[in-house]
Amino acid sequence: MQRHGPGDTAALRLRATGLLLLVAHLVLVGWLMLRPRTVPWVPAPNLEPLASINAELTLGPWEALQHLGGSALLLAPLGVLLPMSAGRLNVSPLVSLTRTVFAGAMIALAIELLQTGVPGQVPDIDTVLLNTAGVALAHLAVVPGCRSRLRRRNEDLRGATPTIPRVGLAPQADVLSGSRTYL
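Quick caveat: nothing in here was measured; it's all calculated off a predicted structure.

Thresholds, definitions, all that
- Residues numbered from 1 in each chain as written.
- Predicted model: local features only at pLDDT ≥ 70, side-chain atom pairs only at ≥ 80, totals over all residues.
- Heavy atoms only, no water.
- Helix = DSSP H or I, 4+ residues; strand = E, 2+ residues; numbered from the N terminus.
- Buried < 20%, exposed > 50% of the residue type's maximum accessible area, 1.4 Å probe, protein only.
- Contact = heavy atoms within 4.5 Å.
- Areas by Shrake-Rupley, 256 points an atom, 1.4 Å probe, with all protein chains shown as cover.
- Phe/Tyr/Trp six-rings, centres within 6.5 Å; stacked < 30°, edge-to-face > 60°.
- Lys NZ or Arg CZ within 6 Å of the ring centre and 35° of its normal.
- Axes fitted to C-alpha atoms, helices over the stretch in contact; angles between N-to-C directions.
- Nonpolar A, V, L, I, M, F, W, Y, C, P; charged D, E, K, R; others polar.
- Parallel < 35°, antiparallel > 145°, perpendicular 65-115°, else oblique.
- Patch = residues over 30% accessible without salt bridge, like charges linked within 9 Å, V, L, I, M, F, W, Y side chains within 5 Å.
- Salt bridge = Lys/Arg side-chain N within 4 Å of Asp/Glu carboxyl O.
- Core = buried A, V, L, I, M, F, W, Y, C linked by side-chain atoms within 4.5 Å.
- Expected span 1.5 Å × (residues − 1).
- Bend = angle between axes of the 7 residues up to and from the residue.

Draft legend 1. Structural view of the overall build of the chain. Along the backbone of the chain there are six helices and zero strands. When the 183 residues of the chain are sorted by exposure, 28% land in the buried category. Across the chain, contacts joining residues at least 24 apart in sequence account for 76% of those joining residues at least 6 apart. Element-wise, carbon and sulfur atoms account for 66% of the exposed surface of the chain, whose accessible area totals about 12800 Å².

Have a look at this one:
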C-alpha cells in the first residue's frame, strides 16, 4: 500500500463527504425536476436559446431575478461538489473549470431531456444555459480559494523541504547510504 502523506485520512473523508453530498443533491434535483405536475395547461417547449430569458427580463428586474436566479442556483452546488468528490488538489484551474462546467452542462441537458417524458414538465433550453452558468460561477467563487488553502495546509503538515539559504536549492537526498561516491 502506498502512503501519500500525513493528510490521507482527511483527504479521503473530504472526498467521501463530497461524493455523498453530490449524490444527495442529484437525488433532490431529480425529485424536484422530474416529478409529474398537475397543471391545467402546458406551454410549448422552448428550443430557441435566450427566448425565455428575454421574456423574463421584460417582466421587470425583481421577477426576472427570482425566475432566472432560481434556475441558476438549482445546479450551482455541482460547481463545488464535483471537484470535491474528485479529490484532486494539484490540478490546473482551467482544466478543473472546463471539466466541471462540461459535467454540469451534461447533467442539466440530461434533466431537460428526461423532462420531455414527464407530464406537466416543459423542457427549456434556457434552463440548461442558466444551470451551466450557475455551475461555472459557483466553481469560480469557491474552488480555487479552497484548493489553495488545502494545498497550503497540506504543505504545512508535510513540512517544507529545507533549502540552502544563499543558493535557494534543496539538498540532494541519498536513498541508499553507500550509493554515492566522492571523487
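Draft legend 2. Looking closely at the packing of aromatic side chains. Applying the stated criterion to the full structure yields zero aromatic pairs. Cation over ring: Arg-35 sits above Trp-31, and NZ or CZ is 4.5 Å from the ring centre.

Draft legend 3. Structural context of the packing of helix α2 (residues 51–58) against helix α3 (residues 61–74). Contact geometry for α2 and α3: axes closest at 7 Å, N-to-C directions at 145 degrees. Contacts from Ile-53, Glu-56 and Leu-57 of α2 reach α3 at Glu-63, Ala-64, His-67 and Leu-68. Grouping the amino acids of the contact of α2 with α3 by side-chain chemistry returns four nonpolar, one polar and two charged.

Draft legend 4. Spotlight on the environment of His-67. Its place among the elements puts His-67 in helix α3. A C-alpha to C-alpha distance of 7.3 Å links His-67 and Glu-56, two positions 11 residues apart in sequence.

Draft legend 5. Here's a closer look at the side chain of Thr-127. Along the chain, the position of Thr-127 falls in helix α6 (residues 125–158). Setting aside residues up to four positions removed in sequence, Thr-127 forms contacts with Ser-71 and Glu-112.

Draft legend 6. Quick look at the environment of Ala-105. On the secondary structure map, Ala-105 appears in helix α5 (residues 93–115). A relative accessible area of 15% means that Ala-105 is categorised as buried. Separated by 23 residues in sequence, Ala-105 and Val-128 have C-alpha atoms that sit 6.7 Å apart. Not counting residues within four places of it along the chain, the set of residues in contact with Ala-105 comprises Val-128 and Thr-132.

Draft legend 7. Representation of the side chain of His-25 in the model. Within the secondary structure, His-25 is located in helix α1 (residues 8–34). Aside from chain neighbours lying at most four places away, what touches His-25 is Leu-74, Leu-75, Pro-77, Leu-78 and Leu-81.

Draft legend 8. Layout of the packing of helix α4 (residues 78–86) against α6. Relative to each other, α4 and α6 sit at 45 degrees, their axes nearing to 7 Å. The pairing of α4 with α6 is recorded here as oblique in orientation. Within the contact between the two elements, α4 uses Leu-78, Gly-79, Val-80 and Pro-83 and α6 uses Val-135, Ala-138, His-139, Val-142, Val-143 and Arg-147. Along the lines of polarity and charge, the residues of the contact of α4 with α6 split into seven nonpolar, two polar and one charged.

Draft legend 9. Just a nonpolar patch on the surface, in detail. Residues Phe-102, Met-106, Leu-109 and Leu-113 make up a contiguous nonpolar surface patch of roughly 390 Å² in combined accessible area. If you trace the backbone, Leu-109 turns up in helix α5. Looking at Leu-109, the relative accessible area reads 31%, which means it is partly exposed.

Draft legend 10. Representation of the nonpolar core. Core analysis: the biggest nonpolar cluster contains 12 residues, these being Leu-22, Val-29, Met-33, Leu-74, Leu-75, Leu-78, Leu-81, Leu-82, Ala-108, Ile-111, Val-128 and Val-135. Of all the secondary-structure elements, those providing two or more residues to this core are α1, α4, α5 and α6. The contacts of Leu-82, once residues within four sequence positions are left out, are Leu-22, Thr-100, Ala-103 and Gly-104.

Draft legend 11. Main features of α6. Taking 1.5 Å as the rise per residue, α6 with 34 residues should run 50 Å; its terminal C-alpha atoms sit 48 Å apart, in good agreement. Maximum bend of α6: about 35 degrees, positioned at His-139.

Draft legend 12. Local environment of α4. Those residues of α4 that fall on the buried side of the exposure criterion are Leu-78, Gly-79, Leu-81, Leu-82, Pro-83 and Ser-85. Within two residues after α4, Gly-87 carries a phi angle of roughly 75 degrees, on the positive side.

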